[in-house]
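Structural overview for review
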Amino acid sequence: GFNVKGGAYDSVFFQNANHSVRASDAFMRAVEQDGPWESRAVVDGQVMGRYQARDLMRQISESAWLCGDPGMQFDTTVNEWHTCPNSDRINASNPCSEYMFLDDSACNLASINLMRFVDARGEFDVEAFRAAVRVFVTAQEIIVGSASYPTKAIERNSFDYRPLGLGYANLGALLMSRGLPYDSDAGRAYAAGITALMTGEAYAQSARIARDQGGPFTGFEKNRTPFLRVMRKHRDALRDINAAYVPANLRDAAQQAWDEAVEIGEEHGYRNAQATVL
């Protein structure tokens, strides 16, 4: 409840925290079909309650509209794009939900200010952005071995999987500078192009580091087949970006970055089990 007697904001319990709901494809199909949904106990799977899926989805949507919580994590999709499923599935995320990986792991996070790459003509400097991605990934990789971690399990997984989290900031300002509405096909396509370029260049750099500086992360061989499958899925997903809204130099750079990421990774593996977050 919001501003109601006995509601969440009557106490501090639900403030200063982020809340998420993990939804499977099965739940989303039940929403589409107006079917039932059972909640189950975490430990033994016992049925704890029965609901109409659409009623739950309506409550989730109204709550998110009212106060911004909960976010939704599409669990089936998340795990289909998981690079290391042979180690374990992804069960949850950090509080802000941008980092999704194995339990008891940590991620070095960094963001690139997109507006720093807008030149005097108002165009996005693609090659400068690619160079910045390479520098950031290299620096973040160096930090892994120099950081401290809260538990031994997190330290061990951080060293074994070396996950990184490169992202970007000021996307809204970049779109506005180009006259693109944030919620539009053109805005989404341009954002997809930027994201594809950053992610492809980051994984390509991770593969170069594996090639030149000590080999892939410890868990790579165990996850080689699914890891490379996910890398190819990323590359293939470039086809889904509406090319009409993305400048040719950005499209070409993203394609080149992903071609290199897959080619080098197939031969040398990757230094990091994860390279980017959003």
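Higher on the page you've got the structure.
Predicted, not measured: the structure shown is a model, and the values here were computed from it.

Our focus in this paragraph is the environment of Ile264. Secondary-structure assignment places Ile264 in helix H9 (residues 248-268). Taking the relative accessible area as the measure of exposure, Ile264 reaches 12% and is therefore buried. Taking the C-alpha atoms as reference points, Ile264 and Ala210, 54 residues apart in sequence, are found 9.2 Å from one another. Excluding anything up to four places from it in sequence, Ile264 contacts Ala207, Arg208, Arg211 and Gly269.

Before going further, it helps to examine unusual backbone geometry. In this structure, Pro70 follows Asp69 across a cis peptide bond, with omega equal to 5°. Backbone geometry at Asn170 places phi at a positive 75°, although glycine is not the residue there. Mapped onto the secondary structure, Asn170 falls in the loop between strand S6 (164-169) and helix H6 (171-177).

Within the structure shown, the criterion is met by 16 aromatic pairs. An angle of 20° between the planes, with centres 4.8 Å apart, marks the rings of Phe227 and Tyr270 as stacked. Highlighted residues: Phe227 in helix H8 (residues 224-237) and Tyr270 in the segment after H9, separated in sequence by 43 residues. What makes Phe227 buried here is its relative accessible area of 0%. By relative accessible area, Tyr270 is classed as buried at 0%. Within the aromatic cluster, the residues linked to one another by ring pairs are Tyr99, Phe101, Tyr161, Tyr203, Phe217, Phe220, Phe227, Trp258 and Tyr270.

The next subject is the side chain of Asn223. With respect to the helices and strands, Asn223 occurs in the loop between helix H7 (185-212) and H8. Judged by its relative accessible area of 0%, Asn223 falls in the buried class. Of the polar contacts made by the side chain of Asn223, one reaches the backbone nitrogen of Asn86; its length is 2.9 Å. Sequence-distant contacts of Asn223, that is, excluding residues within four places in its chain, are made with Thr83, Cys84, Pro85, Asn86, Ser87 and Tyr161.

What follows concerns the nonpolar core. In terms of nonpolar packing, the biggest core is built from 59 residues, with Phe124, Phe129 and Ile194 touching the most fellow members. At the level of elements, strand S5 (108-113), helix H4 (126-144), helix H5 (152-161), S6, H6, H7, H8 and H9 are the ones that each hand at least two residues to this core. Here this core takes 13 residues from H7, the largest share from any one element. Here Ile194 is in contact with Leu114, Phe124, Phe129, Tyr168, Leu174 and Leu250, once residues within four sequence places are set aside. Ranked by size, the runner-up nonpolar core spans six residues in total, among them Phe27, Val31, Ala53 and Met57.

Here the structure, examined in full by the defined rule, presents 20 salt bridges. Between Glu201 and Arg134 there is a salt bridge, and its shortest N-O distance comes to 3.2 Å. Of this pair, Glu201 sits in helix H7 while Arg134 sits in helix H4, and the two are 67 residues apart along the sequence. For Glu201, a relative accessible area of 0% puts it in the buried group. Sharing partners across several salt bridges, the network here consists of Glu127, Arg130, Arg134, Glu201, Arg208 and Glu260.

What follows deals with the environment of Phe74. Relative to the helices and strands, Phe74 is located in strand S4 (residues 71-74). Exposure remark for Phe74: the relative accessible area of 37% places this residue in the partly exposed category. When the C-alpha positions of Phe74 and Gly35 are compared, they lie 18 Å apart, and in sequence the two are 39 residues distant. Not counting the four nearest positions on each side in its chain, Phe74 is found in contact with Ala23 and Met28.

Glancing now at helix H1 (residues 25-33). Taken residue by residue, H1 has Phe27, Ala30 and Val31 as its buried positions. The arc that holds the buried residues of H1, viewed along the axis, is 105°, so those residues lie on one side. Exposed residues on H1 whose side chains face more than 90 degrees from its buried face are Glu32 and Gln33. The elements touched by buried residues of H1 are strand S1 (20-23), strand S2 (36-40) and helix H2 (53-67). Backbone geometry just after H1 places Asp34 at a positive phi near 55°.

We now examine the side chain of Asn108. Inspection of the secondary structure puts Asn108 in strand S5. In contact with Asn108, other than residues within four places in its own chain, are Gln140, Ile143, Val144, Pro163, Leu164 and Gly165.

All right, on to the packing of H8 against H9 then. One way to put it is that H8 packs onto H9 with a least axis distance of 9 Å and a crossing angle of 165°. Taken together, the axes of H8 and H9 lie roughly antiparallel to each other. Handedness of the H8/H9 crossing: left-handed. Residues Arg224, Leu228, Met231, Arg232, His234 and Arg235 of H8 touch H9, and the partners they reach there are Gln255, Trp258, Asp259, Val262, Gly265 and Glu266. Across the contact of H8 with H9, the residue classes break down as four nonpolar, three polar and five charged.

Each value, and the rule that gives it
- Residue indices follow the written sequence of each chain, beginning from 1 at its first position.
- For a predicted model such as this one, the threshold for reporting local features is a pLDDT of at least 70, and the threshold for listing and counting side-chain atom pairs is 80 or more; totals across whole chains, interfaces and linings nevertheless cover every residue.
- Only hydrogens and water are set aside; all other atoms, that is, all heavy atoms of the structure, feed into the side-chain values.
- Helical segments are the DSSP runs of H or I of at least four residues, strand segments are the runs of E of at least two, and each set is numbered from the N terminus.
- Three exposure classes are used, based on accessible area relative to the maximum for each residue type with a 1.4 Å probe and protein chains only: buried under 20%, partly exposed in between, and exposed over 50%.
- Any two residues whose heavy atoms approach within 4.5 Å are treated as being in contact.
- Two rings from Phe, Tyr or Trp (for Trp, the six-membered ring) form a pair when their centres are within 6.5 Å of each other. A pair whose planes differ by under 30 degrees is stacked, one over 60 is edge-to-face, and the rest are tilted.
- Any pair of nitrogen or oxygen atoms within 3.5 Å is treated as a polar contact; in protein, a donor-acceptor pairing is required on top of that, and neighbouring residues in sequence qualify only through side-chain atoms on both sides.
- By nonpolar core is meant a set of buried Ala, Val, Leu, Ile, Met, Phe, Trp, Tyr and Cys residues that side-chain atoms within 4.5 Å join together.
- Here, a salt bridge means any Lys or Arg side-chain nitrogen found within 4 Å of an Asp or Glu carboxyl oxygen.
- Relevant arc is that of directions from the helix axis to the C-beta atoms, nothing else.
- Angles shown run from 0 to 180 degrees and are taken between the N-to-C directions of axes, each axis being a line fitted to C-alpha atoms and, for helices, limited to the stretch in contact.
- Oblique is the label for any angle not covered by the other classes, which are roughly parallel (under 35 degrees), roughly antiparallel (over 145) and roughly perpendicular (65 to 115).
- Handedness of a crossing follows from how the near helix is turned relative to the far one, being left-handed for an anticlockwise turn of less than a right angle and right-handed for a clockwise one.
- Each residue is assigned to one class: nonpolar for Ala, Val, Leu, Ile, Met, Phe, Trp, Tyr, Cys and Pro, charged for Asp, Glu, Lys and Arg, and polar for all the others, Gly among them.

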